[in-house]
Amino acid sequence: MTQIGIDAIGISVPHAYLDLADLAQARGVPPSKYVEGLGVRRMAVAAPWEDAVALAANASRRLFATTGADPGQVGLCVVGTETAVDHSKPIAAWLHRLVGLPQRARSYEAKHACFGGTAGLLTAMDWIASGSAHERTALVVCTDIARYPLRSAGEPTQGAGAVALLVSARPRLLALEPGLSGSYTAEVNDFWRPLHRKDAVVDGHHSVACYLDALGGAYMAWKDACAASDVHGDLGRRIYHVPYGKMARKAHRHSRMLDGLAETEADATFAREVATSLAFPAEVGNVYTGSLYLALASLLHHEAAALEGQRIGLFSYGSGCVAEYFAGRVVSGAGSVAAQLRLDAPLASRRRCTVSEYESIRALDADADSRPLGQHEARDGEVAFAGVEGERRIYVG
Ligand code: HMG
């Protein structure tokens, strides 16, 4: 089978985060409900100048800077997002200039709730497998800002960030299995965001049930596909879309019980098979499209060297809904590549903000997209949304 997969990963997160124990106190909720009940610790808080374009550009630049990979070799760029900034112009167009991608590249945006990045990744795999790549790489960038109304049940499950993936025919991190995946689609009303809203509408408990139904469907389809193919092997680790840590725990129990384990047996495998993938998501919160790949980054950061040669299961979910189960094998040498990427660095250089600062930042959302140039802050060496001039969004850095 052709080796196609993820060659490198770059992450970008906003510079401020909120400690969820602080939020719990402000909302009159026991902190244990957020920390143990939902499995969340901190959530990223995006300022207006840290929009989905800026996060995507900073994640991609970081990927190229830490690996030395050449943006000039990219032939396909897909941006997965559900918090785009324009109904027509895709984030991929800004990204193309801000990252210095070649003019002879195809670039566009993909949307299906949290699934858009996975749609891009599967397309990139097919593009390479078909021979269309001609030795070029694909850049798949997942970028989002997860917003629910203040004081709603979804509030502690917000977050923001971008994950950039370089996909190639000589992957140095994770060799995927082209053509071998399980898909699931059903029309449901679990989570959506009408065009006039910045924050999402969600039927929270129903969304948990929809996620689990989709996982069951996609996982069994994947198992059937594996049984009919010549690709076999146990999964050493399993990673999931992580809207909040507890959801991944529920997902793992559900899929392992579909394997025939009793509930206690399924739970007993969680610490070994899943826990390290949840460390980064617990620091950042839900990043929608990038959530599964933030979990992958967390897993590889902590365990890539030990996992070389092992097979990893991946579950992607997008509300609405669509899901995919697929797998990949950690490549020999991935440990030293993951160390070189310093995937945890963006998480280490952040500032804890207070609940009132967070609420002030959220109050800026209403006119963030129409503020004139000069009212936004930019950090040295990073891309930032500088404001609007004549209806045009201006990016600096
Ligand atoms: P809620 O109603 O506030 O919470 O909303 P709850 O009452 O269901 O409690 C949550 C858990 O905390 C429960 O545990 C409680 O027992 C426990 P569980 O039964 O789930 O195991 N608990 C406590 N634990 C310790 N100490 C305490 C305590 N109190 C309670 N004192 C909900 C929770 C997730 C529904 C809400 O936060 C929400 O609506 N979030 C947004 C929706 C979401 O994330 N859905 C996930 C599936 S859909 C998805 O993943 C797609 C998505 O990413 C979007 C996309 O695709 O684009 C969202």
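To be clear, the structure that these remarks concern was listed above.
## Some points on the sheet that holds strand β2 (residues 16-19)
Taken in spatial order, the three strands make up an open sheet running β3-β2-β14, and their pairing is mixed. The open sheet terminates on both sides in strands that have one partner only, identified here as β3 (42-45) and β14 (351-353). Here the average twist between neighbouring strands, direction ignored, is 45 degrees. Bridge count for β2 against β14 is three bridges, and the pairing is parallel. Looking at β14, one finds that leucine 18 is bridged to cysteine 353. Running over the sheet, helix α1 (residues 20-27) touches β2, β3 and β14 and is turned about 55 degrees from β2. Packing against the sheet, helix α14 (residues 355-364) makes contact with β2, β3 and β14, and its axis sits at approximately 85 degrees to β14.

## Section: the state of the cysteines
Across all of its chains, the model carries zero disulfides by this definition. Looking at cysteine 77, it has no disulfide partner, and the nearest cysteine sulfur is the one in cysteine 142, 11 Å off. Using a relative accessible area of 0% as the deciding quantity, one classes cysteine 77 as buried.

## Considerations on the pattern of salt bridges
A full pass over the atoms with the stated rule returns 26 salt bridges. Its salt-bridge partner being glutamate 283, residue arginine 42 comes within 2.8 Å of it at the nearest N-O pair. In this pair, arginine 42 is assigned in strand β3 and glutamate 283 in helix α10 (residues 279-284), connecting sequence segments 241 residues apart. Relative accessible area serves as the criterion here: at 13%, glutamate 283 is assigned to the buried category. Several salt bridges converge on common partners, so that one network encompasses Lys223, Arg238, Arg256, Asp259, Arg272 and Glu273.

## Section: the packing of aromatic side chains
Scanning the entire structure with this criterion turns up ten aromatic pairs. Centre to centre, the rings of phenylalanine 191 and tyrosine 288 are 5.5 Å apart; their planes meet at 80 degrees, and the pair counts as edge-to-face. Of this pair, phenylalanine 191 sits in strand β9 (residues 191-192) while tyrosine 288 sits in the loop between α10 and α11 (291-307), placing them 97 residues apart in sequence. Classification of phenylalanine 191 by relative accessible area gives buried; the value is 11%. The class for tyrosine 288 is buried, based on a relative accessible area of 2%. With a centroid separation of 6.4 Å and 25 degrees between ring planes, the pair formed by phenylalanine 315 and tyrosine 325 is classed as stacked. With phenylalanine 315 in strand β12 (residues 311-318) and tyrosine 325 in strand β13 (residues 322-330), this residue pair connects regions lying ten residues apart in the sequence. Just as phenylalanine 315 is buried, tyrosine 325 falls in that class too.

Conventions we followed
- Each chain carries its own residue numbering, running from 1 in the written order of its sequence.
- pLDDT decides what is reported in this predicted model: residues at 70 or higher carry local features, side-chain atom pairs at 80 or more are listed and counted, and totals for whole chains, interfaces and linings draw on all residues regardless.
- The basis for every side-chain value is the complete set of heavy atoms in the structure, and neither hydrogens nor water enter the calculation.
- Two strands are counted as paired when DSSP detects at least two bridges linking them.
- In this description a helix means any DSSP run of H or I spanning at least four residues, a strand means any run of E spanning at least two, and both kinds are numbered starting from the N terminus.
- Axis angles are defined between N-to-C directions and span 0 to 180 degrees, where every axis is a line fitted to C-alpha atoms and, for a helix, only to the segment in contact.
- Contacts are residue-level and defined by heavy atoms, with any inter-residue pair within 4.5 Å sufficient.
- Two cysteine sulfur atoms form a disulfide, by the criterion used here, when they sit within 2.5 Å.
- Think of it in three bands: residues with accessible area under 20% of the maximum for their type are buried, residues over 50% are exposed, and the middle band is partly exposed, with areas taken using a 1.4 Å probe on protein chains only.
- In the sections that follow, a salt bridge refers to a side-chain nitrogen of Lys or Arg positioned within 4 Å of a carboxyl oxygen of Asp or Glu.
- Stacked, tilted and edge-to-face pairs are distinguished by plane angle, under 30 degrees for stacked and over 60 for edge-to-face with tilted covering the rest, among Phe, Tyr and Trp rings (Trp via its six-membered ring) whose centres lie within 6.5 Å.

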